[in-house]
Every structure is written in C-alpha cells, then in structure tokens.
Amino acid sequence: MNKHIKNYLNSFQFKQKYWYTLIIDGLTFLFITLLFLGLGKILELKAYAISQGKSTEELKALLLAGSVETNKLFMANTRAFVFYFVFGVIIAIILAFMIYSFSRSIVWNKLLKQKFSWKKFRKWNGLAVLLTFFFFIYMVFYYVVKMLLPAPTTDFYFILNGIIGSIIVLSFMVFFFLVNYSFATEHKVWLSIGNTFHLIKLNWKRLWKMFVLALTTWLLLKVLLNYIHVWFKIIPQELLSTIISTTLSLLFLVWLRLYLLKTIHRREAT
C-alpha cells in the first residue's frame, strides 16, 4: 500500500489525543461563544432600557415632547450603553484571547508531550495577536477571490466556487497549525512564522499529497452535510443546521491537526 495512503488511513484511528484535544477545542469554542453571547445580551438589555421598546421615530417624538428630566435620563442611559459597549467589547476580546491562548497551550503541550508553563502561556497570547493579523489578511484575500469568481448561477460554477473556497480555507488552516507547531517547539513568536515556511519547503512532497487527501475528505464531508440537510429537511439558516455544521467542522479540524503532525513526524522519523 502507498505510504501516503497508509498514513492517511491510520489518521482515522481516533485515540486519546484526538478526544482530549477535541474536548479542549469544543470547550474553548463554547466558552468564547457564551462570552460574546452574554455581552450581546447585556448590550441588548441596556439598549432596551434606553428605547423602552419604542421605534426611532417614537423616541424622537418622546425627546422633543419630553421634560428636561426625561432627556437627562435618556442621555445618562445612552452614556451607560456606550460605556458597557466600549469596555464590554474590550474586556470580552481580552478574555477571549486569554481563553484561546490557554487552550492552545494545553492542546500543544498534550500533542508534543510538554509541561505547562505560565511564561510560555504569556507568549501564546502574543502568537494569538500575530495570527489575528494574518487572519485578517487571509479574509481580505478570501473575499477578493470570491468576488473575482463567476456567480454560482449553474451547478458547475456552484461546485467550482465551493472547491476554490475550500482550498483557500484549508490552506490557511494548514498554515495556522504549522505556525502553532513551530511556536510550540521554539516558543518564539516571530521565529515561528519563518520556521513555518521552512517546514513547508522541507516537507512539501508530503504536504501537498496530504493536502489533496484532506481536501477530498472535507469535500466529501460537505456533500454528506448537504444530504443530512435534505434527509432531515433542515433549512440552512436554522440553529440545528449551524450546530451540525460547526460540530462537523470541529471534528474535521481536530483530525486535520493530528494528520498534519503525523505527516511531519513521519519525515522526521526517517
């Protein structure tokens, strides 16, 4: 059997590392989601305290006809809303970065059999900030490419858009995991970027084959997801559809990370 196919098939042996990292990633996503949902609920309550459920036109009429005390109360509530919005968003972002960085430290310590260190954890925060910058660049590139692609007016163009979009997303995720791997071995933020490109060059013959197999797996999962929507008559915008898609994506990304590590380590072992 071809060694690349064998490595691919072996990647589906879901052992302790897979389930451990899946739980950590799942809890991380859940905590960060609840954090921003909680912030959104607080802002919603503050906004309701200002509007009292009235429309914009009704608020204008109320302020024009209201007393000085009423207008002062409205301004006080508005300032409170701005305060909660600005500081709430800042605090939520900081907490999200800390939760994310802490979870990445735990995950990669498990994968590379390292011990947790608070000093290294602080550096994970720096890496998270740097990768956020790369993520924004990727998003700009992604949407530029999507704009240049022909509109999905036929099945062919719909499938083509889906494949190209998947290639772009998967390429970023492979790069993202390699940066994390490089950082976890050296714990130097900027050096991890340079080491990532070196890893890609060093392992290119293995990586492109791994990428093709991973892309095929992802596309098959997307087809399966589409059939699940048809079978259970799930409308794509429904909450259940979002939960299924998110869960499937999480399962795939945890598998991809381990598959990528297997691919790199196989070269290092030879």
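Calculation rules
Residues numbered from 1 in each chain as written. Predicted model: local features only at pLDDT ≥ 70, side-chain atom pairs only at ≥ 80, totals over all residues. Heavy atoms only, no water. Core = buried A, V, L, I, M, F, W, Y, C linked by side-chain atoms within 4.5 Å. Buried < 20%, exposed > 50% of the residue type's maximum accessible area, 1.4 Å probe, protein only. Helix = DSSP H or I, 4+ residues; strand = E, 2+ residues; numbered from the N terminus. Polar contact = N/O pair within 3.5 Å; in protein donor to acceptor, adjacent residues only side chain to side chain. Contact = heavy atoms within 4.5 Å. Salt bridge = Lys/Arg side-chain N within 4 Å of Asp/Glu carboxyl O. Patch = residues over 30% accessible without salt bridge, like charges linked within 9 Å, V, L, I, M, F, W, Y side chains within 5 Å. Areas by Shrake-Rupley, 256 points an atom, 1.4 Å probe, with all protein chains shown as cover.

**Student:** Teacher, can you tell me more about the nonpolar core here?
**Tutor:** The nonpolar side chains of a soluble globular protein tend to be buried with one another. The biggest cluster of nonpolar side chains holds 51 residues, and the ones touching the most others in it are Trp108, Trp255, Leu256 and Leu260. For this core, the secondary-structure elements that each account for two or more residues are helix H2 (16-51), helix H4 (68-112), helix H5 (118-148), helix H6 (155-186), helix H7 (189-202), helix H8 (204-231) and helix H9 (239-269). A per-element tally of this core places H6 first, with 13 residues.

**Student:** Explain the side chain of Ser103 to me, please; I cannot follow it from the model alone.
**Tutor:** Looking at the secondary structure, you find Ser103 in helix H4. Within the structure, Ser103 has its side chain in polar contact with the backbone oxygen of Tyr100 (distance 2.6 Å). Each residue touching Ser103, except ones within four places of it in the same chain, is listed here: Ile24 and Thr28.

**Student:** Explain the pattern of salt bridges here, please?
**Tutor:** A pair can form between side chains of opposite charge whenever their charged atoms are brought close. All told, the structure shown has 3 salt bridges when counted by the stated rule. Residue Arg104 is joined to Asp25 by a salt bridge in which the shortest nitrogen-to-oxygen separation is 2.5 Å. Linking Arg104 in helix H4 with Asp25 in helix H2, this pair joins segments that are 79 residues apart in sequence. According to the relative accessible area criterion, Arg104 is buried, its value standing at 6%. Taking relative accessible area as the criterion, Asp25 reaches 9% and is therefore assigned buried. Salt bridges here are not isolated pairs; linked through shared partners, they connect Asp25, Arg104 and Arg257.

**Student:** Looking at this model, I keep getting lost on a nonpolar patch on the surface. Mind explaining?
**Tutor:** There is a patch of nonpolar side chains on the surface, built from Ile42, Val82, Phe83, Tyr84, Phe85, Val86, Phe87, Ile90, Ile91, Ile94, Leu95 and Met98 and spanning about 1100 Å² of accessible area. Positionally, Ile42 belongs in helix H2. Using a relative accessible area of 41% as the deciding quantity, one classes Ile42 as partly exposed.

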